[in-house]
Amino acid sequence: MRLFPDGDARGQPNTAAVEHYSRLIERLLDKRIEPVVTLYHWDLPQVLQERYGGWKNDTVVGLFENYAAFCFHTFGSRVRYWLTMHNPYLVAVQGYGTGVHAPGETGGPASSLIVAHNLIRAHAKAWHTYNTHFRPAQKGKVSIVLGSHWVEPQRGQATANNVELCQQSMEAVLGWFANPILGDGDYPASLKIKHGALLPIFSPEEKLWVQETADFFALSFGPNNLRLGRGLVQYGVTVTPDLRRVLDWIKLEYGDPRVLVVEAGWFSEASVGTEDTVAIYLMKRFINQVLQAVKFDGVQVFGYSAWSLVDGFEWNNGFTVRRGLFYIDFSQPNRTRTPKTSAQYYRHVVADNGFPSDKRDKEIRGRFPCDFHWGVADSTLQVHFHPFSPQFTDTHLYSWNLTGDRSLRPVPGVTVNTRRAQCTDYLAIRNHLRLFEPTGASHYRFALNWSLILPQGDLSNVNTEALRYYRCVLTELKKLDVKAAVILYYPTHRAPNLGLPGPLHASGGWLNHSTVEAFQKYAALCYQQLGSWVPYWITINEPNRLVDVYSSAIEKHQAAHNLLLAHAKAWRLYEREHSSQQRALVSLALHADWAEPANPFLDSHTAAAQRFLLFELGRFLDPLLGTRYEEKHSKWDYPQEMKAYLEERAGVMGLRGSPLPNFTDTEREELRGALNFIALNHFTTRLVSPYHPTQASPQQKQPPDHGCLTLSDPTWHSSSQGLALVPWGLRKTLNWVSQRYGRALPIIVSASGIDDQAPVEDKLRQLFLKSYLQEAFKARQLDGVNLQGFYMWKLQDRHVPQFGLFTSTHHRSKAKASVALYKEIISRGGFPEDNTTQACRSNELHEPCSACVWMFKNKALLVFGGCLFITAVMLAALIIFVIVTKRNQTRGRRRGVTRRRRRERVPVCTCPRVKC
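Described below are features of the structure shown in this document. (Residues numbered from 1 in each chain as written. Predicted model: local features only at pLDDT ≥ 70, side-chain atom pairs only at ≥ 80, totals over all residues. Heavy atoms only, no water.)

1. Re the pattern of salt bridges
What the rule picks out here adds up to 38 salt bridges. Residue glutamate 616 is joined to arginine 545 by a salt bridge in which the shortest nitrogen-to-oxygen separation is 2.7 Å. Here arginine 545 lies in helix H19 (residues 543-546) and glutamate 616 lies in helix H22 (residues 603-625), a separation of 71 residues in the sequence. For the pair glutamate 616 and arginine 545, one class covers both residues: buried. One salt bridge connects arginine 740 with aspartate 622, and the closest N-O pair in it is separated by 2.8 Å. Of this pair, arginine 740 sits in helix H25 (residues 727-741) while aspartate 622 sits in helix H22, and the two are 118 residues apart along the sequence. A residue is classified by how much of its surface remains accessible, and arginine 740, at 8% relative accessible area, is buried. A residue is classified by how much of its surface remains accessible, and aspartate 622, at 0% relative accessible area, is buried. A single network of salt bridges, built from pairs that share partners, joins Asp637, Lys643, Asp665 and Arg668. (Salt bridge = Lys/Arg side-chain N within 4 Å of Asp/Glu carboxyl O. Helix = DSSP H or I, 4+ residues; strand = E, 2+ residues; numbered from the N terminus. Buried < 20%, exposed > 50% of the residue type's maximum accessible area, 1.4 Å probe, protein only.)

This is the structure we're talking about:
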């Protein structure tokens, strides 16, 4: 329109416009930037719309050919890439079908089909003009920008019918124009069936003339296409922003053409301004998908263009939506232009030519020390009180299969003595702990059930059977030479009681100080009853996650306050009454995911990430350990930065004061140093940004008290539950804790893992295990972190494949592939150069004797053989008894007969001198 306002390129052009474009091209070349010129981006001269009805009239096709020839002639010597028109699908459908875009006509499908037909013919004419008259001298390339969505079957619904629906949806958008131009010269068969006689027809000559009129495939992939695509889907399929799949589809459908992504990007609300953090990650996602298509799928993508350079008028959205890398202040006369953070990010991507390997990914070699804790972590054990053997209570003696029906029948009139229950008779314990041997682990972390041991929350009702069961677990672990790390309180984070005894929860739970005293008494009972077998105690697991269940900020802070005091009282009690004899170490375990600034170009995001860590970790560790940076008088209290932030925020919100409770001097003294080691549960890394009121969701009544929002990088490996695999986040977490609290106390990663839905070949977990342990090793070896243990979460699945190293009991507890990898790393002590086994005494202790292994594997045969042996001995004894009895009886009878006969034969002595 600017070059020829009257639409006729056979007349005189607008000289100012010609000079403007000429200067622009020259400046681009001076800056060593390749000009890629689009002839028509929806700016049809108004006179052509009024005189001919726009693209509905094929007269415009010829006028466009003349316009293209002028541009080729005027600028072509300096332009190597020409695009005839931008996204004709939107012009045909939204311009002439629905009326959303200019010229705003609502002619429906019939009008859209005619317009699309003329747009294709206009492009073909321009291509042939260049090919015949300009290509020999200018040697450029010409294409047309085609827009597309991507549609695929919904999860679990990849039926043949749904796949066909997806194919038809792609053909209805991208194939509509790509099939004639880059395919066989005609419309897809699915469009012919769908539209019938409404669809214009290409003659055989036109098919040959339209076919192959693109020197490369130019693709547009953005929100407009995806919005339109959603109107084309049916049940069972869904639209997703997967640029890689679109590129794969183009390769398969159109003979592996060279592809230029000429438009890819998203939008931000105008209120976001220059801090367009979400746009950074959407850009990263699209560029990463292009890289995957190139590297993994062999798609010939030779270029990518971010859309767009500056903010503009976004059609029916006006200036409320911004898509530029540079923010324009339209209220200023000179339209001030400011680079957004997405522009800074894009500059880095261009400079690096993509995403080069991170130096942090480089592996180092070496071993952990012999006393390193190789552990497996679990939640609360499922307690099964009833032993599998009837020997405890049944006084009957049974005979088996005497009647031939293979049944046990009590022997009448015979009773036997029962015996006291023994730990080895609990089948659940043996079956559970036998899983340890394949892992090679040396430590097992599990939790007691507070509400089971003390149902009333006090000592009025102690469940002695539960305590006996836990003693059995601990004694069996000791027999296996596996050290126990026992959690006193493992919050359930859900109704009805959050893992608390019912009466304690009913009286206010952690909002009531009485729960603190109750926890101390519960801890005292556990120390007394179980402490002889426990080398490591964890008072409370993840109190920083438990506080999230409370709705108001006041309740969150009060609950955290009481949880801290409960831990301190339990720790002091152990130090005072049990430490000298039992010598265990006591701590609490914190959920410790890393917080990375979502936008690395903004100081506000860096501050938000640090604040997030203080609320997550510092809130609990500062009162216990102080920090290396504080003066003595300010130690044993909440972080000063956290207190200042809450006070400032209270002032802004018009509140009386900070909702953070205060510690008394006595409480500070009780908190001081109440940790023997630092236990951290680390799973993933979160991107953190400051909260803005415009970012609040309708369900979110008030912002989080730390004033932060979290998001995830879409290019990170993620599990089905959305946990991102970011190994370097563990190293950063360990360094943050070590730098803030010093290296005196050992640090133990008391739980770490990822969910993997694979039933056996859990490749994601294997990648997690190797990469996270490598980062833990770097933290120890390179950074000097006093790391002394790592526990994998967790031993066994409950029902479906998730975090377990072993499948659930429903799947006969099979070991997953990650078990062998974990054992291999443990046996080598880490990552040694020579991959040899680590020569530690602990390993020798874990090596079972070959005879024991054979006996365990053949225990059924041994029992059966023993029974046969005992039966044979008893039968032999019985036979011997019968034989001896009969022999004795025979001998007795013989002796009686002999005596009678002798009496009969003895003569009567009559001689007085002979003694008879």
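2. Considerations on the sheet that holds strand S14 (residues 373-380)
Taken in spatial order, the 8 strands close into a barrel running S14-S17-S18-S19-S20-S22-S25-S26, and their pairing is parallel. Strand after strand, the sheet turns through a mean of 25° between neighbouring axes, direction not considered. Of the strand pairs in this sheet, strand S20 (residues 585-591) and strand S22 (residues 678-681) are connected by 3 bridges, and their pairing is parallel. Note on S22: the bridge partner recorded for alanine 589 is alanine 679. Relative to strand S17 (residues 443-447), helix H16 (residues 464-479) is tilted by about 170°, and along the sheet it contacts S17 and strand S18 (483-489). (Pairing = 2+ DSSP bridges. Axes fitted to C-alpha atoms, helices over the stretch in contact; angles between N-to-C directions. Contact = heavy atoms within 4.5 Å.)

3. Describing the pairing of strand S25 (residues 747-752)
With 6 of 6 residues buried, S25 lies mostly within the body of the structure. Of the strand pairs in this sheet, S22 and S25 are connected by 4 bridges, and their pairing is parallel. Counted as the bridge partner of alanine 679 is isoleucine 748 from S25. Where S25 and strand S26 (residues 787-793) come together, 4 bridges link them in parallel fashion. Its bridge partner being in S26, valine 749 is matched across the sheet by phenylalanine 790. With respect to chirality, the unit in which S25 leads through helix H26 (residues 763-781) into the neighbouring parallel S26 is right-handed. (Right-handed = clockwise from strand over helix to strand, strands pointing away.)

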